[in-house]
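Understanding the architecture of this molecule
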Amino acid sequence: MEQFDVVDVIRTKRDGGRLSPEQIAWTVDAYTRGAVKDEQMAALAMAIFLRGMEREEIAQWTQAMIDSGERMDFSGIGRPTADKHSTGGVGDKITLPLAPLVACFGVAVPQLSGRGLGHTGGTLDKLEAIPGWRASLSNEEILHQLGQGCGAVVCAAGAGLAPADKKLYALRDITSTVDCIPLIASSIMSKKIAEGTGSLVLDVKVGSGAFMKDLSSARELAQAMVDLGKDAGVRTFAFLTDMSTPLGLKVGNALEVEESVEVLAGGGPQDVVELTLALARKMLEMAGQPDADVEAALKDGRAMDRWRAMIREQGGDPDAALPTSRHSHQVLATADGVLESLDALCVGVASWRLGAGRAVKEDPVQAAAGIEIHAKPGQVLRQGQPVLTLHTDDEWRVPRALEALEGGIRIGTKAPSRGSVLLDHVE
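Each chain has its residues counted from 1, running along the sequence as written. Totals for whole chains, interfaces and linings use every residue, but because this is a predicted model, local features are given only for residues with pLDDT of at least 70 and side-chain atom pairs only at 80 or more, for both listing and counting. Water and hydrogen atoms were dropped before computing side-chain values, which therefore reflect all heavy atoms in the structure.

Let us look at the overall build of the chain. The helix count covers DSSP runs of H or I at least four residues long, the strand count covers runs of E at least two residues long, and both are numbered beginning at the N terminus. In terms of helices and strands, the chain carries 16 helices and 13 strands. Within these notes, the globule rule equals 2.2 Å times the number of residues to the 0.38 power, and the radius of gyration is based on C-alpha atoms. Its C-alpha atoms give the chain a radius of gyration of 22 Å, within 12% of the compact-globule value 22 Å for 427 residues. When its C-alpha atoms are laid out on the principal axes, the chain stretches across 70 × 45 × 40 Å. Each residue's exposure class comes from its accessible area (1.4 Å probe, protein chains only) as a fraction of the maximum for that residue type: buried when under 20%, exposed when over 50%, partly exposed otherwise. Counting every position in the chain, which comprises 427 residues, the buried fraction comes to 55%. Here, two residues are considered to be in contact whenever any of their heavy atoms come within 4.5 Å of each other. Long-range contacts, defined here as pairs at least 24 residues apart, represent 78% of the contacts in the chain between residues at least 6 apart. A total accessible area of about 17,400 Å² is found for the chain, and carbon and sulfur atoms account for 50% of it. One finds the centroid of the 44 positive side-chain charges in the chain at a distance of 1 Å from the centroid of its 58 negative side-chain charges. Every accessible area reported is derived by Shrake-Rupley at a probe size of 1.4 Å, with residue values counting cover from the shown protein chains alone. We treat Lys and Arg as the positive residues and Asp and Glu as the negative residues; His and chain ends play no part in the count. To locate a charge, take atom NZ for lysine, CZ for arginine, CG for aspartate or CD for glutamate.

So, in structure tokens, the structure goes:
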């Protein structure tokens with residue numbers, strides 16, 4: 001005999017009511033067990049999408065998701081832990097240089113990451129471009145790598161962490177209830193809290209290439225996640241960062257690994273370096289190391305040494321050549337002028353169509369597909385000068401990628417004001 005009737009729960013939220021902690025705990029558990037059917041959870045997700053949730057409801061919903069599975073425990077590794085989560089963007093390869101950089105200072109970085117879906121790339125897909133590297137580790141391997149190994153691990157979250165979230169996310173994906181702040185916040189934070197990190201820095205992207213298109217909705221999401229972290233005893237801080245233009249000069253799996261290695265070698269594009277350093281400083285400050293000289297660790301090779309150790313410990317060869325594409329196509333400037341904008345969403349969709357991303361979870365991705373960016377907004381261009389180079393293994397993909405770029409490259413006379421990639425923060 002079930003404790004509640006799911007129809008009553010749906011009706012309560014549909015009519016704008018508040019769900020009790022008991023109703024929420026039962027609903028998430030019953031859905032995970034299969035006692036609440038997909039169509040019923042879809043109705044409830046839509047009711048939450050339309051009616052919203054109060055802070056206590058979101059906290060309870062997140063706790064119920066955590067309770068649906070196991071929790072990691074890093075208390076035995078002998079090092080403080082700090083993690084970072086990005087809400088996803090185009091060219092966002094920050095985890096790759098960030099994890100080894102932070103680990104240089106004795107702070108363990110457990111980065112349980114995901115795969116890409118749609119126009120945003122997944123960290124695991126990027127690292128899988130490195131020959132031999134493996135994403136799936138056992139809990140024992142994760143703990144060993146954090147404690148006795150290089151101190152940083154980037155891997156797939158095990159099936160045991162917040163299984164309710166995995167099931168609900170797949171349902172939200174096909175019922176148009178993905179972009180709902182209570183459900184996004186609880187999805188991200190249930191996994192991060194279950195993962196057991198001591199402190200968490202969030203990178204909430206804002207702009208055309210991000211989930212959140214404007215600053216006010218991004219701020220609302222950031223506040224909801226920071227509140228959830230604090231309520232669960234995890235030190236949490238959020239940066240709001242610009243995703244109107246792609247991050248860096250390379251988009252795609254192997255291409256983004258290449259750019260990450262440039263950053264670890266003390267070079268790389270200014271926006272990628274700026275964001276990597278800001279996140280590293282904040283993670284280290286929250287883990288009790290406010291005076292860590294992160295710039296020095298990038299310049300003197302310490303971060304690169306950690307990167308190589310991290311790749312080797314997961315079976316990869318840091319010296320192996322990365323895959324290159326079979327076909328490339330240059331996109332040229334159509335007129336003289338200043339590049340006024342390079343739309344992140346257009347570039348992200350084009351890269352996805354070239355084979356760098358997937359439409360459904362089961363799709364394979366091409367390691368070498370993607371886009372090289374030769375000019376960023378503010379740059380003066382001559383007609384016929386290359387703006388982008390498209391890479392793919394399948395020539396038939398190029399016309400569809402070019403379609404995605406239509407309207408995304410604006411050449412005019414006004415140079416945009418170039419500000420910092422860091423827009424704001426929530427703590």
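So that's the structure; there's more coming.
Attention now moves to unusual backbone geometry. Even without glycine at this site, alanine 162 takes up a positive phi of about 45 degrees. Classification of alanine 162 as buried rests on a relative accessible area of 1%. Located in the positive-phi region is serine 176, a residue other than glycine, with phi close to 55 degrees. Among the structural elements, serine 176 can be located in the loop between helix H8 (163-174) and helix H9 (181-195).

A few words on the environment of phenylalanine 105. Inspection of the secondary structure puts phenylalanine 105 in the loop between helix H5 (95-103) and strand E2 (109-113). Not counting residues within four places of it along the chain, the set of residues in contact with phenylalanine 105 comprises Leu284, Gln289, Ala292, Asp293, Val294, Ala297 and Arg302.

In this section: the pattern of salt bridges. In the sections that follow, a salt bridge refers to a side-chain nitrogen of Lys or Arg positioned within 4 Å of a carboxyl oxygen of Asp or Glu. With the rule as written, the count across this model stands at 27 salt bridges. Here aspartate 165 and lysine 191 are joined by a salt bridge, their closest N and O atoms 2.8 Å apart. Placement of aspartate 165 in helix H8 and of lysine 191 in helix H9 is noted, with a sequence separation of 26 residues between them. By relative accessible area, which is 3% here, aspartate 165 ends up buried. On the basis of relative accessibility, which here comes to 32%, the residue lysine 191 falls in the partly exposed class. In this structure, the salt-bridge partner of glutamate 340 is arginine 410, at a minimum N-O distance of 3.7 Å. Taken together, the residues span a long stretch of sequence, with glutamate 340 in strand E8 (residues 337-342) and arginine 410 in strand E12 (residues 409-412) at a distance of 70 residues. Look at arginine 410 and you get partly exposed, because its relative accessible area is 47%. One connected set of salt bridges, linked through shared partners, spans Arg18, Glu54 and Glu56.

On to the state of the cysteines. Cysteine sulfur atoms are paired as a disulfide whenever they fall within 2.5 Å. Applying the stated rule across the entire model yields zero disulfides. Here cysteine 155 stays free of any disulfide, with the sulfur of cysteine 150 as its closest cysteine sulfur at 11 Å.

Two strands make a pair as long as DSSP finds a minimum of two bridges between them. If you walk across this open sheet you meet the four strands as E1-E4-E5-E13, and the pairing is mixed. Two strands close off the open sheet at either side, each with one partner strand: strand E1 (82-86) and strand E13 (422-426). Within this sheet the neighbouring strands show an average axis-to-axis angle of 20 degrees, counted without direction. Alignment of E1 against strand E4 (residues 199-206), held across five bridges, turns out to be parallel. Bridge pairing links serine 86 to aspartate 203 in E4. Interaxial angle, 0 to 180 degrees, is taken between N-to-C directions of lines fitted to C-alpha atoms, where a helix line uses only the stretch in contact. Docked against the sheet, helix H12 (residues 270-286) engages E1, E4, strand E5 (235-242) and E13, running at close to 150 degrees with respect to E4.

Another aspect to go through is the domain arrangement of the chain. For the chain, the assigned domains read domain 1 (6-52), domain 2 (82-314) and domain 3 (327-412). Where each domain starts and ends follows an automatic or database-derived domain assignment. Here the C-alpha centroids of domain 1 and domain 3 sit 42 Å apart.

Below, the discussion takes up the packing of helix H3 (residues 38-51) against H8. The N-to-C vectors of H3 and H8 enclose an angle of 75 degrees; their axes lie 10 Å apart at closest approach. Judged by the inter-axis angle, H3 sits roughly perpendicular to H8. When H3 is examined against H8, the residues Asp38, Met41 and Ala42 are found in contact with a partner set consisting of Lys167, Leu168 and Leu171. Residues belonging to the contact of H3 with H8 are distributed by class as follows: four nonpolar, no polar and two charged. Here roughly perpendicular refers to angles of 65 to 115 degrees, roughly parallel to angles under 35, roughly antiparallel to angles over 145, and oblique to all remaining angles. Any residue that is not Ala, Val, Leu, Ile, Met, Phe, Trp, Tyr, Cys, Pro, Asp, Glu, Lys or Arg is counted as polar, Gly included; the first ten are nonpolar and the last four charged.

Taken as a whole, the second largest pocket holds about 510 Å³ of empty space. Lining residues are defined by having an atom within 4 Å of a point belonging to a cavity or pocket. Those points lie on a 1 Å grid over the protein atoms alone, cavities being sets where a 1.4 Å probe fits but cannot get out and pockets being open sets with protein on both sides within 12 Å along at least five of seven lines. Lining the second largest pocket are 21 residues, and of these Asp242, Thr245, Lys376, Arg418 and Gly419 lie nearest its centre. Sorting the residues of the lining of the second largest pocket by element identifies H12 and E8 as the ones contributing at least two each. Tallied by class, residues from the lining of the second largest pocket come to seven nonpolar, eight polar and six charged. When residues of the lining of the second largest pocket are assigned to domains, at least three fall in each of domain 2 (82-314) and domain 3 (327-412). Grid points are joined across faces, edges and corners, and a volume is the space filled by probe spheres set on the points.

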